[in-house]
Each structure stands twice: as C-alpha cells, then as structure tokens.
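Residue-level listing of the chains:
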Amino acid sequence: MRGSFKKIKSLILVSITGLLSLGGCMPLSITDTSLASAKNQMRVGVVLYNAADPFVMNIADSITRYAEEEQELSQGKIIIDVLDSKNDQQLQNTQIDELIKQKYDAIAINIVDRAESANVIDKVKEAKIPVVFFNREPVPQDMNKWDQVYYIGAHAAEAGEMQGQILLDAITGGMKIDRNGDGIIQYVMLEGEPGHQDSILRSYHSIKVLEDAAIKTENLAMDTAMWQRGEAKDKILEWIEQFENHIEVILSNNDEMALGAIEALEARGYFKDNKSIPVIGVDGLTQALQAIKDDKMLGTVLNNADAQGKAIFGKLYNLSTGAQSQIVLDYENDGKYLWIPHKIITKEAIN
Ligand code: BGC
C-alpha cells in the first residue's frame, strides 16, 4: 500500500449471509458501475480535504454511521475507505488516482482546492467512476462537465442570512449591541479560507441582512483565520488591542473560529462584570452550543453534518449498487445537487 493511500478509517461490514438484499426486491446491477453489486458488496472512497477539521470529521462520522445502519437493513457488504488529504491537493490527487486504479465504485470528494475540480472530473469521467463532491462546491461550469458528477451541501448564502437574522433579532429584541450609541454597529469578521464559497457568501449575506433592514454597519476589520480556532484567537487578540473597546459584534464564518474568538475574549477578561461582545458562528458544533448556553456566544447556524453525511451515503449507495438506500432522504434535490437546509440556533432553541 502506498503512503499516500493511508486509510484513516476503513469500514468493512460483512453480512452473516453474505447476500446483498437491497430492500428485498430491488434489482441489482443496473448501471455500468455495478461491479460492487455483482460481487455482493459496495466499495467506495471518501476523501477529506483535512481530517483535522472538526466539521468535516462530523460529516465523515455520519457517513459511516449511516453505512452501518444500511448494513443492518440490507445485510450486504459495505466498504467505505475514508482518506485524509491533509490539506494538500497533490496528496489528494494521488489518493484519487489510487481509488480510480483500484476501481472503486464511487468516490465522495471534499476537494482541497476548488480550482482543481475540473482536473479531477476529467479523470473520473475517463474512468467512468461517479463522484459526489461535498462541502466544497465546484463551480457550475465544472459540475456540468459530466452527468455523473453530484454535489451535496448547504446553500452558503442561507447560512450568512441566518447569521444576519440572529443579530437583527437581537437588536430589534432590545439587546444593547450598539454600545457606544452612535447608531452604527461596529463589527469584525473572521473569515474562512479565501476562495471557499462559504467564506465569500456567508460574509456578504450576513451584513446584507442588516443593511436591508436599514441598520448601519461599520467593518473595523476582516481577515481569514482559515477556519481555525488558534488563528482566530490570535486575530481577535490583535483586534482587541487595536480597537480597544470599539468592537460591538464578532461575526465568524464558522464555529471553530467563533470559539477561538471566545478564548481571546476570556483571556482579556470578558464574560465578567457584564463585559461581553456578542459572537455569532456557523455549524452548530457541540462546544458552540455549550458556549451559547453559557452566554458566551449569541448564536450559531446549524450546518447539518449529520444530514449531509446521510445524503452522501445514500447517494454513494445508489451510485454503487443501482438501488436506493433504505435510509429515507427527504431533501431538496434536482438529481445533481442536493441541498440540506440550515437552522438558526440561539439560547431559546437549545433550552
Ligand atoms: C464549515 C467549516 C469548515 C469548512 C471546510 C464549512 O462549511 O462551516 O467549519 O471548516 O466548511 O470546508
């Protein structure tokens, strides 16, 4: 086994009977990718841009959890190999090459660099292996290169709109956000990776909601912290120093960075003696929910990793076996794109 093909998780589920009964009466082996069903098994690869990313790992865990559930129901043999690309597109390319060489039935790809999507699609198309991109969305031009290319994710703009809504609701609900009373909300923005659809659109739409509601805003600072807690903490420490008490809101493109912001605020004596700055994130990570309960975070937006993993597994199953998974999928779906809705989470929603 080559180093680049190191599996981080391999789920090999062997049924007691060894027979793949897909829903009892579903026909097997309809598509040209049905190698798996002919062998009474499905074998798929899930390639992660970076297994150190907690949100992405939540999706991977969900995929394997639903595979186990399907396994119980259909008694087939399901093999899922999850690979970590360690934020390295070159490594990811070799991993995908290896999956192609070993004739996996289908591949789910969380691409490191969205600009590489076209090359990856050319390769899988040539090998006739269907792919499901997730979390990092290729541009439509690339998605349209082949009819066996799919995307499962959440509308990036919607998450930003809900962040804006959380803030707007707090303002209209009487929370004193405009601390200096100048009629303008001074905010800082922690951004995800540049070029990621979720960074660009969440930042833009969160502020647009306020502007559309005639709330004046002023951006004090805005920078990438690459989705990461540690980088976000450093940024906020720097900005607290730079702007002293002028920051009235911290908007963050995800929860990991929001949690970094909270660590920075704690380190500077916030959350005591009524000293606090509202922080808003996206994802709905367990630690973020705790921070909301503890009044250290105003709210977050659920980016439903469980549902995304479920939909990804369902699609991989369908592409590998030609049959429908028994796990019910009830999401907006036009055959090529499948969208999982976001949801606002504030303290009221948790309690
Ligand atoms: C999530 C982030 C994550 C990123 C990775 C986003 O949708 O909100 O937490 O780091 O995807 O691509």
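Residues numbered from 1 in each chain as written. Predicted model: local features only at pLDDT ≥ 70, side-chain atom pairs only at ≥ 80, totals over all residues. Heavy atoms only, no water.

1. Looking at helix α4 (residues 117-127)
Among the residues of α4, S117, A118, V120, I121 and V124 are the ones counted as buried. Projected down its long axis, α4 shows its buried positions confined to an angular sector of 160°, all on one face. At its buried positions, α4 is contacted by α3 (89-101), β4 (106-109), β5 (131-134), α5 (140-143) and β6 (149-153). At the C-terminal side of α4, K128 shows a positive phi close to 60°. (Buried < 20%, exposed > 50% of the residue type's maximum accessible area, 1.4 Å probe, protein only. Helix = DSSP H or I, 4+ residues; strand = E, 2+ residues; numbered from the N terminus. Arc of directions from axis to C-beta. Contact = heavy atoms within 4.5 Å.)

2. Some remarks on the site of the ligand
Around the ligand, a shell composed of Y49, D53, F55, N135, R136, H196, D198, R202, W227, N254, D283 and N303 is seen. In this structure, an oxygen atom belonging to the ligand sits 2.9 Å away from a side-chain N or O atom of H196. Take R202: an N or O atom from its side chain is 2.8 Å from an oxygen atom of the ligand. In the shell around the ligand, the residues fall into three nonpolar, four polar and five charged. (Near = heavy atom within 4 Å. Polar contact = N/O pair within 3.5 Å; in protein donor to acceptor, adjacent residues only side chain to side chain. Nonpolar A, V, L, I, M, F, W, Y, C, P; charged D, E, K, R; others polar.)

3. Some thoughts on helix α2 (residues 54-74)
For α2, built from 21 residues, the straight-helix expectation of 30 Å at 1.5 Å per residue is met to within 8% by its first-to-last C-alpha distance of 30 Å. If you check which residues of α2 are buried, you get F55, V56, I59, A60, S62, I63, T64, Y66, A67, E70, Q71 and S74. Measuring from the side-chain oxygen of the N-cap residue of α2 to the backbone nitrogen of F55 gives 3.0 Å; that N-cap residue is D53. Positive backbone phi, at 55°, marks Q75, one or two positions downstream of α2. (Expected span 1.5 Å × (residues − 1).)

4. Some points on the packing of aromatic side chains
Going through the model one piece at a time under the given rule, you end up with four aromatic pairs. One aromatic cluster is present, built from ring pairs that chain together Y151, Y337 and W339. Here K315 stacks its cationic end above the ring of Y150, 4.0 Å away from the centre of that ring. (Phe/Tyr/Trp six-rings, centres within 6.5 Å; stacked < 30°, edge-to-face > 60°. Lys NZ or Arg CZ within 6 Å of the ring centre and 35° of its normal.)

5. Some points on the pattern of salt bridges
Scanning the model with the defined rule gives 14 salt bridges in all. A salt bridge links R229 to E263, with the shortest nitrogen-to-oxygen separation between them at 3.4 Å. In this pair, R229 is assigned in helix α8 (residues 229-243) and E263 in helix α9 (residues 255-267), connecting sequence segments 34 residues apart. Look at E263 and you get partly exposed, because its relative accessible area is 28%. (Salt bridge = Lys/Arg side-chain N within 4 Å of Asp/Glu carboxyl O.)

6. So, the packing of α3 against α4
Put simply, α3 and α4 touch, their axes get as near as 11 Å, and they point 5° apart. As judged from the angle between their axes, α3 and α4 are roughly parallel. Within the contact between the two elements, α3 uses N93, I96, D97 and I100 and α4 uses V120, K123, V124 and A127. (Axes fitted to C-alpha atoms, helices over the stretch in contact; angles between N-to-C directions. Parallel < 35°, antiparallel > 145°, perpendicular 65-115°, else oblique.)

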